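Now for the letters of each chain:
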Amino acid sequence: MKSNNKTLTNEISALILGKLHGLNAKSAKKLVKAVDETAKEIVKKYAKLQKEETEEKEKEAKKEAKKAKEKAEKVEKEKAKAAAKAELAAKIAIVTEDEVVVEKKEKSSKKKAVEASEEVTSTEASEEAGA
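All of these numbers come straight from a predicted model, not from anything done at the bench.

S.K.: For a positive patch on the surface, give the residues involved together with the corresponding values.
M.R.: A surface patch of positive charge is lined by Lys-59, Lys-62, Lys-63 and Lys-67. Mapped onto the secondary structure, Lys-62 falls in helix H2 (residues 25-96).

S.K.: So, the side chain of Ser-13: which residues are in play, and what are the values?
M.R.: Checked against the element boundaries, Ser-13 lands in helix H1 (residues 2-19). If we skip the residues at most four places from it in the chain, Ser-13 touches Val-35, Asp-36 and Ala-39.

S.K.: Just give me the short version of H2, but keep the residues and values in it.
M.R.: With 72 residues, H2 ought to run about 106 Å at 1.5 Å a step, and its terminal C-alpha atoms sit 106 Å apart, in line with that. Taken as a whole, H2 has its buried residues at Val-35, Ala-39, Val-43, Ala-47, Ala-89 and Ala-93. Packed against the buried residues of H2 are H1. Positive backbone phi, at 60°, marks Glu-97, one or two positions downstream of H2.

S.K.: Could you give an account of H1, naming the residues involved and the relevant values?
M.R.: Taking 1.5 Å per residue, 18 residues should reach 26 Å; H1 reaches 26 Å between its end C-alpha atoms and fits that length. Among the residues of H1, those classed as buried are Thr-9, Ile-12 and Ser-13. Each buried residue of H1 sits inside an arc of 100° when the element is viewed along its axis, so together they form one side. Facing away from the buried side of H1 by more than 90 degrees, the exposed set consists of Ser-3, Asn-4, Leu-15 and Gly-18. Summarising the contacts, the buried residues of H1 are in contact with H2.

Calculation notes
- Residues numbered from 1 in each chain as written.
- Predicted model: local features only at pLDDT ≥ 70, side-chain atom pairs only at ≥ 80, totals over all residues.
- Heavy atoms only, no water.
- Patch = residues over 30% accessible without salt bridge, like charges linked within 9 Å, V, L, I, M, F, W, Y side chains within 5 Å.
- Areas by Shrake-Rupley, 256 points an atom, 1.4 Å probe, with all protein chains shown as cover.
- Salt bridge = Lys/Arg side-chain N within 4 Å of Asp/Glu carboxyl O.
- Lys, Arg positive; Asp, Glu negative; His and termini not counted.
- Charge placed at Lys NZ, Arg CZ, Asp CG, Glu CD.
- Helix = DSSP H or I, 4+ residues; strand = E, 2+ residues; numbered from the N terminus.
- Contact = heavy atoms within 4.5 Å.
- Expected span 1.5 Å × (residues − 1).
- Buried < 20%, exposed > 50% of the residue type's maximum accessible area, 1.4 Å probe, protein only.
- Arc of directions from axis to C-beta.

Dropping the structure here:
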């Protein structure tokens, strides 16, 4: 990296000094020193900013990877929970000798169907009794 910085410093100095001319040797020597020092400072700041940007990108990538990992873990937990629920329902069905119940809503609809059939039966019985 130092050789890259030195090359960049020399290029910047050459570009600046190429635009300046018409000075005597004493003044030109002072100007060359000032331009070289300033070019070094510019290159140092440039390298520092590049390093900061790289670190920032790495942090963002780590954050996104962490979010993706957490999301994957959450999905995995939900799948495990659903599998455990299905396994429990299958065991209950074996013990009760019913069909496998997947959701509680189906149970409530079965109860309503049973109640409705009882009402129909009681209505038919009262009609027969009345006849």
